[in-house]
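Structure at a glance
Listed below are the residues making up each chain.
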Amino acid sequence: MTQVRESWEGHSGLFALQDFEKGDSILTELEPLIKLAPSSAEESHQLYCRWVGLPVSDDSETKSVPKGNNGRNNNNKVNTTTKRETLWDSIVVPSDIDDSYHGIFKGMVQAGVTWMVTTGDGDSTRSDDDKILQLYYPTDNNRFDDNSADSDPENVVRQLSKQAVEYLKTSSTKSSGEWSKFQDWGMLEKILRIWACNSFQGGLLYDTFSRVNHSCNPNAVIVTNSDDDKNTGGQRLVAATKIQNGEEIFISYLGLFLYADTTTRRKKLKQTKYFECQCQRCTSSHDPAAQTPCPTCHPRDTTQLSLDEDVQYDDEGDVQYVSSRTEPCSNCLSTPQQLENQRLDKVLISVNEKIYAFIDTYQGSTKDFSNGDNATESNEEDVAVLEEHVSLASTMMGAKHWTTSVMLLLHLNNQLSSMSQRMLTTQELPEMEDVAEAIDTLQRLYQFVDSLQLHLDAGHILGDVTIGVARTLVSLGDEKSQKYGAEWLSKIEDYVAHFGGEGRQKVVAALKGAWKKHGRSNGLLDEDGRSEAKKPKAVDRGDRENGDASSVAKVRDEHFMRHALHVAEQALRIGEVPVGCVIVLTDHPLINRAKAEAGGAANSNGDDLMDNHVVVSHGANQVNATRDATRHAEIVAIDRLLTNGQSSDQLRLPANVDSRNGNNSLGIPESIQAAREKQWEDVWINRPDCPTHWKNLFGWRSNQFAEELRSPGIFSSCELFVTCEPCIMCASALATVGIKRVVFGCKNDRFGGCGSLLHLHQPEQAENGNQVEPNNAFLSPGYAITSGVLEAEAIKLLQSFYDRENFHAPDDKRKEKEKKYC
Ligand SMILES: C[S@@+](CC[C@H](N)C(=O)[O-])C[C@H]1O[C@@H](n2cnc3c(N)ncnc32)[C@H](O)[C@@H]1O
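This report concerns the structure included in the present document. (Residues numbered from 1 in each chain as written. Predicted model: local features only at pLDDT ≥ 70, side-chain atom pairs only at ≥ 80, totals over all residues. Heavy atoms only, no water.)

1. A closer look at the site of the ligand
Around the ligand, the structure places 17 residues, and the nearest of them are His11, Ser12, Arg211, Asn213 and His214. In the complex, the protein chains occlude 95% of the 570 Å² of accessible area that the ligand would expose alone. Within the residue set of the shell around the ligand, elements represented by two or more residues are β2 (11–16), α6 (185–198) and β6 (213–214). Counted by class, the shell around the ligand contains seven nonpolar, seven polar and three charged residues. (Near = heavy atom within 4 Å. Areas by Shrake-Rupley, 256 points an atom, 1.4 Å probe, with all protein chains shown as cover. Helix = DSSP H or I, 4+ residues; strand = E, 2+ residues; numbered from the N terminus. Nonpolar A, V, L, I, M, F, W, Y, C, P; charged D, E, K, R; others polar.)

2. Remarks on the sheet that holds strand β3 (residues 25–29)
Within the open sheet, the three strands sit side by side as β3-β8-β7. Their pairing is antiparallel. Because the sheet does not close on itself, it has two edges, and the strands there are β3 and β7 (220–224). Within this sheet the neighbouring strands show an average axis-to-axis angle of 20°, counted without direction. Examined bridge by bridge, β7 and strand β8 (residues 235–239) share five bridges and lie antiparallel to one another. Each residue of the ladder has a partner; that of Thr224, found in β8, is Gln235. In this fold helix α17 (residues 479–499) packs onto β7 and β8, with an angle of close to 135° to the strand it touches most, β8. (Pairing = 2+ DSSP bridges. Axes fitted to C-alpha atoms, helices over the stretch in contact; angles between N-to-C directions. Contact = heavy atoms within 4.5 Å.)

3. Side note on the environment of Ile355
When you line up the elements, Ile355 lands in helix α12 (residues 345–364). Overall, the relative accessible area of 0% leaves Ile355 in the buried class. Once the C-alpha coordinates of Ile355 and His389 are considered, the two residues, 34 residues apart in sequence, prove to be 6.8 Å apart. (Buried < 20%, exposed > 50% of the residue type's maximum accessible area, 1.4 Å probe, protein only.)

4. Observations regarding the nonpolar core
Grouped together as the largest cluster of nonpolar side chains are 65 residues, with contacts concentrated most on Tyr259, Ile359 and Leu462. When residues of this core are traced back to their parent elements, those giving at least two are β7, α12, α13 (380–397), α14 (402–426), α15 (432–451), α16 (459–476), α17 and α18 (501–521). Beyond its immediate chain neighbours, meaning those up to four positions away, Ile359 contacts Leu256, Phe257, Trp402, Val406, Met407 and Leu410. (Core = buried A, V, L, I, M, F, W, Y, C linked by side-chain atoms within 4.5 Å.)

Pasting the structure below:
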């Protein structure tokens with residue numbers, strides 16, 4: 001229940017007569033009072049014909065399509081190249097009208113012609129005329145100086161409505177006569193002012209919606225009833241937050257500029273809606289959108305520090321500026337007035353103008369990514385211009401400035417458009433790097449919208465791009481992407497359910513369905529789409545496993561895989577992707593010698609099965625700690641065996657660490673090296689429940705066998721047990737060192753080199769096609785593989801990592817990407 005009543009002097013507004021919760025429908029208006037603009041180029045052409053007195057041809061095959069509808073018409077007919085005169089194009093703007101008012105002048109003339117055509121030809125049956133004429137418009141009863149548009153922005157409307165009526169008068173006398181009878185010029189002028197102050201997109205005027213005032217922190221939004229049916233004008237007013245009985249209901253008249261700082265928003269509303277905004281956000285001194293880098297703290301032109309170099313990220317990923325000052329800078333708290341006094345103000349203002357103009361034109365043609373059918377061919381020129389603007393905004397205005405965020409939003413729109421286009425046309429999946437970049441951008445955008453603390457959900461601005469990102473992730477098909485796609489969808493599910501309209505709701509439901517289906521086919525999800533540990537598959541005995549499929553071998557494989565899982569768990573504890581491995585020496589003379597030396601008990605845990613199998617090395621992912629993407633578990637374990645642990649836990653220190661001071665031969669300070677090694681031992685070798693194998697292994701490192709173990713040929717007597725299928729790099733490294741056998745837990749769908757993506761474990765063929773001779777040093781004889789051993793546990797471990805980590809870790813990679821934009 002609502003009521004239109006006085007809001008402030010001379011103005012009415014819409015008020016709630018009951019409490020509304022977020023998402024409640026407040027009211028629906030199925031039809032507008034009138035539509036003072038054509039809906040299509042065809043309608044505009046017909047209007048033009050009627051106006052100038054030409055016969056209207058009925059040529060439905062030939063349509064010129066208005067800019068921005070992606071070259072598709074509603075009935076999917078192929079567009080024609082025939083250019084037909086539209087009313088809009090026929091309007092000649094008088095030379096004394098300022099460039100910035102050309103659009104509104106043409107809009108007024110178009111609205112006037114629409115009004116006259118539906119009135120002047122005798123079809124004056126509109127019962128709603130009275131209601132239309134009661135809507136708000138600037139009267140001639142001026143409150144301020146009539147000649148100054150600056151002191152009273154409504155003067156623009158008064159002035160232009162008079163000029164438009166003059167134009168219509170003159171051109172009606174030139175037309176075939178019907179319009180010359182039109183007399184009611186005073187009323188037409190009113191109508192044009194009403195159009196200027198009240199119309200929604202498409203020239204729609206509503207009985208109640210046109211009574212709703214604007215706020216830069218709106219508590220309601222207007223939702224089109226059905227996304228497929230935009231032109232019917234049926235709309236719903238929906239509460240964006242809790243609204244109490246008696247409160248005024250506000251919507252936003254701004255598009256993306258709603259996210260701008262106060263100065264910009266007020267300027268925009270003055271220029272395009274002809275009023276000085278008096279909303280609470282505009283009159284408050286708190287303006288989180290106004291974060292601008294201080295020109296005094298950041299004198300880029302004198303220190304030669306570009307903002308790119310001047311930006312760093314703190315632990316939370318928030319932007320910090322590098323330049324430091326000893327005294328507090330008064331300009332850091334710069335008000336717009338203070339900024340005006342700065343040397344850089346002119347540059348900043350002109351950059352602002354450039355970016356604003358770009359946002360204005362670009363957002364009009366913003367694409368809808370929720371529906372794949374709308375994917376457009378991306379225009380390379382557009383992309384280049386957009387990229388230039390993103391970098392301009394971030395360099396000049398700062399990483400946190402609202403212009404940077406809005407430019408990033410447009411950029412993301414474009415990126416998703418081209419990914420979607422590629423997927424549709426070439427069936428090509430996007431590069432993981434591009435997807436990760438899109439997710440980074442989306443995450444930043446959420447942070448930005450949240451920082452503004454508006455009533456409106458972030459879904460309002462980020463709904464479509466979130467759907468776009470989720471769609472891309474779901475299409476990638478691998479488990480991790482599917483999972484993150486579903487998470488992004490959940491983020492906006494609520495918003496879409498209340499505000500998204502039918503079209504978006506359908507897309508979100510379809511994507512969730514696709515995710516569930518995929519998940520189930522992977523055995524990942526139960527009926528409700530909740531994840532469930534994957535059931536271990538029957539052990540695949542590998543391409544070259546030769547008959548050792550006995551239960552004894554199975555127990556042994558699981559035994560060593562548990563060690564690998566144990567290593568992976570330790571990696572998880574210190575924030576690494578939990579992949580772990582062990583290298584097991586098998587049936588090697590060294591084992592017997594060691595046994596003899598230890599009084600026949602190299603393996604004192606009484607487990608005979610393992611007697612001829614001893615763990616000689618282990619490794620866990622160290623990618624994050626070492627900032628080295630090659631430090632995968634397998635490489636670490638190989639390295640550890642070959643160097644007797646000397647280089648396995650090395651920290652790749654940044655270049656600026658002094659390498660002359662107590663470093664070992666690898667350039668790593670020995671103290672750090674020792675501490676890292678000790679950390680590993682403490683974490684898992686020195687645990688009270690550590691199996692004897694580990695302790696033996698530790699002992700072996702320092703005993704006389706170490707040298708013999710270090711020989712490269714040792715790998716031909718070694719098996720590697722790793723929790724996840726080796727990636728291409730590791731699979732190839734294992735072939736190079738000549739490993740005998742590799743046993744792994746879960747598959748690595750995206751990067752696996754042992755069957756998933758490539759078959760690098762298979763023997764390399766000599767050029768003549770013959771099998772490789774055993775002692776050929778250049779071609780790998782290959783190695784046996786066994787997959788699926790304790791697979792469920794391996795998957796569970798990985799899942800627990802991704803449950804708590806960002807999709808796009810490692811962190812420094814994310815920062816690198818962010819830096820690119822800031
Ligand atoms: C669509 S009408 C809204 C209803 C109007 N107040 C009435 O009396 O019918 C738009 C006009 O309301 C006024 N208005 C709406 N929101 C405003 C705001 N936040 N600050 C100042 N004026 C506002 C402006 O004069 C604007 O042209």
